[in-house]
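Secondary and tertiary structure notes
What follows is the residue order along each chain.
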Amino acid sequence: MKIAVLGTGGGARAHAAELVELGHEVFAGTRDPEATLARTEPDMMGNVPYGQWLADHPGITLLPFGDAAGAADDLVINGIDGHNAVAALTRIADRLADKTLIDYAVPFVYRHQSEHPWPTPWGVMPKLDPCDTDSLAEQIQRALPETKVVKSFVTQEQTTVVDPRSVGGGDHTMFVAGDHTDAKQHAIDLLKSYGWRDILDLGPLVCARGMEMYAHMHSAIGFGLGQQFGGHFGIKVVR
Ligand SMILES: NC(=O)c1ccc[n+]([C@@H]2O[C@H](COP(=O)([O-])OP(=O)(O)OC[C@H]3O[C@@H](n4cnc5c(N)ncnc54)[C@H](OP(=O)(O)O)[C@@H]3O)[C@@H](O)[C@H]2O)c1
C-alpha cells in the first residue's frame, strides 16, 4: 500500500521505517523538504538530522505535508507536533478527504506558566491543551469532517508501537478509538501487521480524551522505571 506518515520526528521515523520493512511504499511529510534535509543538528529529542537518517532508510519519499497525504491510497499517520497539528492538517484538508488518519499526537504545550510546576529530569512537564472536555483527535475530526480520524498508538513510544514483541513478548494492550468503523478496522489491521495481539476498541473518538490524558501517567511510569526519556514498557488491561 501507499501510506503517508506526516512528520519527521522520532515517532514518525519509527513508523516510516517499519512500513518500508513491511513492503509498503512510504511518503513522509514535512513542512519544507529542502529545509528539513538541510538540517545538520539533532532535533530536540536527540534524533540525528533527518537527511542523515533518510540516507540510511531508502524507500521513503520526503514531500511537503499535502503532497505526502495526497500520495497515500487511504492510510495517513499523523505525527505532527500536537500543538500545531490542527492548523497544519487544516491547511491540507482537501488532500485528506475520504482517507483514514491515525493520530498519535499529544496536545502538549511546552514552556507554559504553571503555579504548581511538575519538575522532571528533562524540564517542566508540558501541559495538555485541550484535555478533559475535548481532545486533539476530536479537534482534528471537527476541522476535517471529510476525513476518518482514528486515535491510536499514543499510549506508548512509537519504537515499541511498531515492535510490540520487544515488550513482555508482546503481551500488552493497544487502544483504538474513532467514529468510523472501516477506518478503525484499517488501524487494527495495521496494528496486527506490527505484531499486536491485544487491541482494545474503546469505541467512539471521544475516548481519545482518555488516551491523550494518559500521557502524564506514561511519563510518570517512565520516571518510576528510571527511564528518563521515552520509555520501553507497555500496559496490559487484565480482564
Ligand atoms: N515520539 C514518540 O514516540 C511519541 C509517542 C507518543 C506520542 N507522541 C506525540 O506525537 C507527536 C509527534 O511526535 P514525534 O516525536 O514523532 O515528533 P515531534 O518532534 O513531536 O514533531 C515533529 C513534527 O512536527 C512538525 N511541526 C513542528 N512544529 C510545526 C508547526 N509549527 N507547523 C507544522 N508542523 C510542525 C515538524 O515539521 P517538520 O518536519 O517540518 O520539522 C515535524 O514533522 C507529538 O505530539 C508527541 O508528543 C510521540
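This report concerns the structure included in the present document. The model shown is predicted, which means the values in this text are computed figures rather than measured ones.

1. A few points about the overall build of the protein chain
A count of helical and extended segments in the protein chain gives ten helices and twelve strands. The C-alpha radius of gyration of the protein chain comes to 17 Å, within 12% of the 18 Å expected for a compact globule of 239 residues. Judged by the C-alpha coordinates and their principal axes, the protein chain covers about 45 × 40 × 35 Å. Residue pairs in contact within the protein chain that sit at least 24 positions apart in sequence constitute 74% of those at least 6 positions apart. About 11,200 Å² of surface is accessible on the protein chain, with carbon and sulfur atoms providing 53% of the total.

2. Concerning the nonpolar core
Of all hydrophobic cores here, the largest spans 31 residues; its most connected members are L19, I60, I77, F153, L190, L191 and Y194. Going through the elements one at a time, strand 1 (2-6), helix 1 (10-21), strand 2 (25-30), helix 3 (50-55), strand 3 (60-64), strand 4 (75-78), strand 11 (173-178) and helix 9 (181-194) are the ones with two or more residues in this core. Of all the elements, helix 9 adds the most residues to this core, at six residues. Residues F65, A68, A105 and L136 belong to the second largest nonpolar core, which totals 23 residues.

3. Concerning the pattern of salt bridges
Under the defined criterion, the tally for this structure stands at ten salt bridges. Here K184 makes a salt bridge to D201, at a shortest N to O gap of 3.0 Å. You can see K184 sitting in helix 9 and its partner D201 sitting in strand 12 (residues 198-203), a full 17 residues away along the chain. Relative accessible area serves as the criterion here: at 8%, K184 is assigned to the buried category. Across the pair K236 and D198 runs a salt bridge whose closest N-O atoms are separated by 2.8 Å. Of this pair, K236 sits in the segment after helix 10 (208-224) while D198 sits in strand 12, placing them 38 residues apart in sequence. With a relative accessible area of 36%, K236 lands in the partly exposed category. With relative accessibility at 11%, the residue D198 sits in the buried group. Each of D171, D198, K236 and R239 takes part in one network of salt bridges that share partners.

4. Describing the site of the ligand
The local shell around the ligand holds 23 residues, among which T8, T30, R31, R39 and Y104 are the closest. With respect to the ligand, the side chain of T30 contributes an N or O atom lying 2.6 Å from an oxygen atom. Coverage of the ligand by the protein chains reaches 82% of its 890 Å² of free accessible surface. Those elements that provide at least two residues to the shell around the ligand are helix 1 and helix 5 (82-91).

5. Brief notes about the side chain of D198
A distance of 3.0 Å separates a polar atom in the side chain of D198 from a polar atom in the side chain of R239. The contact partners of D198, leaving out residues within four places of it in the chain, are H172, T173, M174, K236, V237 and R239.

6. Describing the pairing of strand 1
For strand 1, a buried count of four out of five residues is recorded, marking the element as mostly surrounded by other parts of the structure. Taken together, the five bridges between strand 1 and strand 2 define a ladder with parallel strand orientation. Following the sheet pairing, K2 is matched in strand 2 by E25. This β-α-β element, strand 1 to helix 1 to strand 2, shows right-handed connectivity. Alignment of strand 1 against strand 4, held across three bridges, turns out to be parallel. Residue V5 lies in a different strand from strand 4, and its bridge partner there is I77.

7. Quick word on unusual backbone geometry
Here D129 and P130 are connected by a cis peptide whose omega angle stands at 10°. Along the chain, P130 turns up in the loop between strand 9 (127-128) and helix 7 (136-143). Phi is positive for D98, which is not a glycine, with a value near 70°. Position of D98 relative to the elements: it lies in the loop between helix 6 (93-96) and strand 5 (100-103).

8. Some points on helix 7
Regarding helix 7, the residues found buried are L136, A137, E138, I140 and Q141. Against strand 4, helix 5, strand 5, strand 10 (148-152) and helix 10 lie the buried residues of helix 7.

Definitions and limits used
- Residues numbered from 1 in each chain as written.
- Predicted model: local features only at pLDDT ≥ 70, side-chain atom pairs only at ≥ 80, totals over all residues.
- Heavy atoms only, no water.
- Helix = DSSP H or I, 4+ residues; strand = E, 2+ residues; numbered from the N terminus.
- Rg over C-alpha atoms; globule rule 2.2 N^0.38 Å.
- Contact = heavy atoms within 4.5 Å.
- Areas by Shrake-Rupley, 256 points an atom, 1.4 Å probe, with all protein chains shown as cover.
- Core = buried A, V, L, I, M, F, W, Y, C linked by side-chain atoms within 4.5 Å.
- Buried < 20%, exposed > 50% of the residue type's maximum accessible area, 1.4 Å probe, protein only.
- Salt bridge = Lys/Arg side-chain N within 4 Å of Asp/Glu carboxyl O.
- Near = heavy atom within 4 Å.
- Polar contact = N/O pair within 3.5 Å; in protein donor to acceptor, adjacent residues only side chain to side chain.
- Pairing = 2+ DSSP bridges.
- Right-handed = clockwise from strand over helix to strand, strands pointing away.

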